[in-house]
Amino acid sequence: MRLALEWIPDDDTPPPQLLVLLHGAGGRGALMRPLAEALRAQFPRAAILAPDAPQPVDGGGPGRQWFAEGQAGAVDAAVEALQAWLLAQQARLGAQPQALALAGFAQGATLALEFAARHDGAAGRVLAFGGCFAALPAQAPRRTTLHLLHGGADAVVPADRAREALQHLGALQGDATLDIAQEVGHALHPALIDSALFQLTHHIPHRTWRAA
């Protein structure tokens, strides 16, 4: 995957955080710049990567996609491709699994959530903006915290799907939060970015409480 955006600390020490941003279908990594800039301001020593998805978007055009919608096995293949790529980036940068946070928008959010469901603990946090699971998981991640961030006026992925996911994860004793910006549509909106930063800096994961 081509890196559209790569910000790495100047020193030679492993970054305390590795933040990987996954764009929506039909987009490119450069569109995640507003989120990248907000994260960089909050976590100046973090490594921040925003790759372009590996596949051309269905129907042609300049955008990219992580998987073909509705194609059998496409999500599974995309998750495993992402896992291989993330392991390579972690080895390159010296970052540990719990230092990894995945942030995705729309299809990128679906990919991040499905990654967490299949590889619990491979990332410490997932920020899912305007996206949802491809299918609600039978088991909730226990070592990955999921932050669902949604526009209340989202007409592409209705906010009720995020509410359903939160209720489902709660019943499975998963660690998840939900923030809804009521007047926001299907967008990586500043209000949702602010909510994400608040969760990253204030939410104490359930696994931390259990360990204590």
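None of these values were measured; they are calculated from a predicted model.

**Things to note about the packing of helix α1 (residues 33–42) against helix α5 (residues 190–202)**
Line of reasoning, step 1. Between α1 and α5, the least distance of the axes is 11 Å, while the angle of their chain directions is 35°. The element α1 and its partner α5 pack so that their crossing is right-handed. Judged by residue contacts, Pro34, Leu35, Ala38, Leu39 and Gln42 of α1 engage Ile193, Leu197, Leu200 and Thr201 from α5.
Line of reasoning, step 2. Within the contact of α1 with α5, the residues separate by chemical class into seven nonpolar, two polar and no charged.

**Re helix α2 (residues 74–93)**
Line of reasoning, step 1. Over its 20 residues, α2 runs 29 Å from end to end, which matches the ideal 28 Å to within 8%, given 1.5 Å per residue.
Line of reasoning, step 2. Among the residues making up α2, those that are buried are Ala74, Val75, Ala78, Val79, Leu82, Gln83, Trp85, Leu86, Gln89, Gln90 and Leu93.
Line of reasoning, step 3. Check the buried side of α2 and you find it contacts β1 (3–7), β2 (18–22), β3 (47–51), β6 (100–105) and α3 (107–118).
Line of reasoning, step 4. Glycine 94 occupies a position one or two residues after α2 and carries a positive phi of about 75°.

**A look at the side chain of aspartate 179**
Line of reasoning, step 1. Here aspartate 179 is to be found in strand β9 (residues 176–181).
Line of reasoning, step 2. Here aspartate 179 sits buried without a salt bridge, and the closest side chain of opposite charge, arginine 125, lies 9.7 Å off (N-O distance).
Line of reasoning, step 3. Of note is the side chain of aspartate 179, whose polar atom sits 2.9 Å from the side chain of glutamine 199.
Line of reasoning, step 4. Aspartate 179 has contacts with Leu148, Leu149, His150, Leu192, Ser195 and Gln199, leaving out every residue within four places of it along the chain.

**Section: helix α4 (residues 159–171)**
Line of reasoning, step 1. When the terminal C-alpha atoms of α4 are compared, their 19 Å separation across 13 residues agrees well with the 18 Å that a helix rising 1.5 Å per residue should span.
Line of reasoning, step 2. For α4, the complete set of buried residues consists of Ala159, Ala162, Ala165 and Leu169. The buried residues of α4 all sit within an arc of 110° when viewed along its axis, so they share a single face. Set apart from the buried face of α4 by more than 90 degrees, the exposed residues are Asp160, Gln167 and Ala171.
Line of reasoning, step 3. Contact partners of the buried residues in α4: β8 (145–151) and β9.
Line of reasoning, step 4. At the C-terminal side of α4, glutamine 173 shows a positive phi close to 65°.

**So, the packing of aromatic side chains**
Line of reasoning, step 1. One pass over the structure, following the stated rule, counts zero aromatic pairs.
Line of reasoning, step 2. Lying over the aromatic face of tryptophan 7, arginine 40 brings its terminal NZ or CZ to 4.4 Å of the ring centre.

**Some details on the pattern of salt bridges**
Line of reasoning, step 1. Scanning the entire structure with this criterion turns up seven salt bridges.
Line of reasoning, step 2. Residue arginine 118 pairs with glutamate 114 through a salt bridge whose shortest N-O separation is 2.3 Å. In this pair, arginine 118 and glutamate 114 are both assigned in helix α3, four residues apart and thus about one turn of the helix distant.
Line of reasoning, step 3. The shortest N-O distance in the salt bridge between arginine 163 and aspartate 160 comes to 2.7 Å. Of this pair, arginine 163 and aspartate 160 both sit in helix α4, separated by three residues, roughly a single helical turn.
Line of reasoning, step 4. Sharing partners across several salt bridges, the network here consists of Arg2, Arg28 and Asp52.

**Observations concerning the pairing of β6**
Line of reasoning, step 1. A large share of β6 lies buried, amounting to six of its six residues.
Line of reasoning, step 2. With burial as the criterion, each face of β6 is covered, one bearing Leu100, Leu102 and Gly104 and the other bearing Ala101, Ala103 and Phe105.
Line of reasoning, step 3. Pairing between β2 and β6: five bridges, direction parallel. Paired with leucine 22 across the two strands is glycine 104, which belongs to β6.
Line of reasoning, step 4. Bridging between β6 and strand β7 (residues 125–129) involves five bridges; their strand directions are parallel. Its bridge partner being in β7, phenylalanine 105 is matched across the sheet by phenylalanine 129.

**Re the packing of α2 against α3**
Line of reasoning, step 1. Between α2 and α3, whose axes approach to 10 Å, the crossing angle comes to 80°. What the angle tells us is that α2 and α3 run roughly perpendicular. Where α2 abuts α3, its residues Val75, Asp76, Ala78, Val79, Leu82, Gln83 and Leu86 lie against Leu111, Glu114, Phe115 and Arg118.
Line of reasoning, step 2. For the contact of α2 with α3, the per-class residue count stands at seven nonpolar, one polar and three charged.

The rules behind each value
- Residues numbered from 1 in each chain as written.
- Predicted model: local features only at pLDDT ≥ 70, side-chain atom pairs only at ≥ 80, totals over all residues.
- Heavy atoms only, no water.
- Axes fitted to C-alpha atoms, helices over the stretch in contact; angles between N-to-C directions.
- Helix = DSSP H or I, 4+ residues; strand = E, 2+ residues; numbered from the N terminus.
- Left-handed = near helix turned anticlockwise from the far one by under 90°.
- Contact = heavy atoms within 4.5 Å.
- Nonpolar A, V, L, I, M, F, W, Y, C, P; charged D, E, K, R; others polar.
- Expected span 1.5 Å × (residues − 1).
- Buried < 20%, exposed > 50% of the residue type's maximum accessible area, 1.4 Å probe, protein only.
- Lys, Arg positive; Asp, Glu negative; His and termini not counted.
- Salt bridge = Lys/Arg side-chain N within 4 Å of Asp/Glu carboxyl O.
- Polar contact = N/O pair within 3.5 Å; in protein donor to acceptor, adjacent residues only side chain to side chain.
- Arc of directions from axis to C-beta.
- Phe/Tyr/Trp six-rings, centres within 6.5 Å; stacked < 30°, edge-to-face > 60°.
- Lys NZ or Arg CZ within 6 Å of the ring centre and 35° of its normal.
- Pairing = 2+ DSSP bridges.
- Parallel < 35°, antiparallel > 145°, perpendicular 65-115°, else oblique.

By themselves, these figures tell us nothing about what the structure is for.
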